[in-house]
Amino acid sequence: MGISQYVTERALPEALSNIKNKTIHWKYIKSIEPPRVAHVRCAEVISKENQFAQITVRFHSQQVLAIYDRFGRLMHGSEILAKDVLEYVVFEKHICNQYGTWRIHEKIIPDWMPAPTPVAKTFVKPTPPPPEEEITQAEAKPDVAVMQTEPSGGTGPQVATA
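Looking up the protein in an unreviewed UniProt entry gives the name Large ribosomal subunit protein mL45, with the organism given as Diaphorina citri. The protein has a UniProt comment under Subcellular location (unreviewed entry) that states "Mitochondrion".

Okay, the overall build of the protein next. Helix and strand counts for the protein stand at one helix and seven strands. In the protein, the succession of helices and strands from N to C terminus is α-β-β-β-β-β-β-β. Counting over 162 residues, the protein shows a buried share of 18%. Sequence-distant contacts, at least 24 apart, represent 53% of the contacts inside the protein between residues at least 6 apart. When the accessible surface of the protein is split by element, carbon and sulfur atoms take 58% of a total near 13400 Å².

Along the chain, Q54 falls in strand β2 (residues 47–68). By relative accessible area, Q54 is classed as buried at 17%. At a separation of 2.9 Å, a polar atom in the side chain of Q54 contacts the side chain of E92. Once residues within four sequence positions are removed from consideration, Q54 is found in contact with H39, V40, R41, V90, F91, E92, W102 and H105.

We now examine the environment of K83. By the element assignment, K83 lies in strand β4 (residues 83–94). For the pair K83 and L65, spaced 18 residues apart in the sequence, the C-alpha separation amounts to 8.4 Å.

Despite not being glycine, N21 has its phi angle at roughly 60 degrees, a positive value. Here N21 lies in the loop between α1 (12–19) and β1 (23–45). With phi around 65 degrees, I46 is a residue other than glycine that occupies positive phi space. Within the element layout of this structure, I46 appears in the loop between β1 and β2. Overall, I46 belongs to the exposed group, its relative accessible area being 89%.

With that out of the way, let us pick up the environment of Q5. Note that Q5 resides in the segment before α1. What makes Q5 partly exposed here is its relative accessible area of 33%. Between the alpha carbons of Q5 and W102 there is a distance of 9.3 Å; along the sequence they are 97 residues apart. In contact with Q5, other than residues within four places in its own chain, are T101 and R103.

Attention now goes to the pairing of strand β3 (residues 74–77). Pairing analysis gives three bridges linking β2 to β3, with the strands arranged antiparallel. Pairing of A66 across the sheet is with G77, part of β3.

Moving on, we get to the pattern of salt bridges. Taken as a whole and assessed by the stated rule, the structure comprises five salt bridges. Here E33 and R58 are joined by a salt bridge, their closest N and O atoms 2.6 Å apart. Of this pair, E33 sits in strand β1 while R58 sits in strand β2, and the two are 25 residues apart along the sequence. Judged by its relative accessible area of 30%, E33 is partly exposed. Using a relative accessible area of 12% as the deciding quantity, one classes R58 as buried. For D69, the salt bridge goes to R73, with nearest N and O atoms at 3.1 Å.

Calculation criteria
Residue positions are given per chain, counted from 1 along the sequence in the order it is written. Two thresholds apply to this predicted model, a pLDDT of at least 70 for residue-level local features and 80 or more for giving and counting side-chain atom pairs, whereas whole-chain, interface and lining totals are computed over all residues. Heavy atoms from the whole structure form the basis of all side-chain values; hydrogens and water molecules are not counted. UniProt positions are given in the numbering used here, feature names are shortened, and annotations may be inferred rather than shown by experiment. Every helix listed is a DSSP run of H or I at least four residues long, and every strand listed is a run of E at least two residues long, numbered separately from the N terminus. Relative accessibility decides the category of a residue: with a 1.4 Å probe and only protein chains considered, values under 20% of the type maximum give buried, values over 50% give exposed, and everything between is partly exposed. It only takes one pair of heavy atoms within 4.5 Å for two residues to be counted as in contact. Here the open area of atoms and residues is found with the Shrake-Rupley method and a 1.4 Å probe, where only the protein chains shown may cover a residue. Counted as a polar contact is a pair of N or O atoms within 3.5 Å, where, for protein atoms, one must be capable of donating a hydrogen and the other of accepting one, and residues adjacent in sequence contribute only when both atoms are in side chains. Whether two strands pair depends on DSSP finding at least two bridges between them. Salt bridges are defined as contacts in which a side-chain nitrogen from Lys or Arg sits within 4 Å of a carboxyl oxygen from Asp or Glu.

Listed below in structure tokens is the structure:
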């Protein structure tokens, strides 16, 4: 029994990537409004015997959410502050399977809804390069460059030192 029991194959990669290397503290406080069905549909896939049903449910609730990174630092939310959350969740069921269960298929964010605040990401800070050793004047060698003269007036390459 894993998370795939509760989400469809479409939602699984997104769910797993959202929880990777994170600790999530979530608490459901109360329902502000009762859940309401916003949309229902049934579709055949490939054949008439292979049917799927989808129900979009509107949830308006109060929740507490705190997300910590792999080092235990708070990335998002708060364990104290409860927020009002309005979300539309699509559930799906394989109708032909008599033992099938309703699973989360997708979470819809309508155009009129404000975008969720992005979660700060943590990363490994690159190590600075080691400091270069200082060269003393006694160890320094003069730079040597080879300059090419014009073919009509010179006798060949000339060496210049700095």
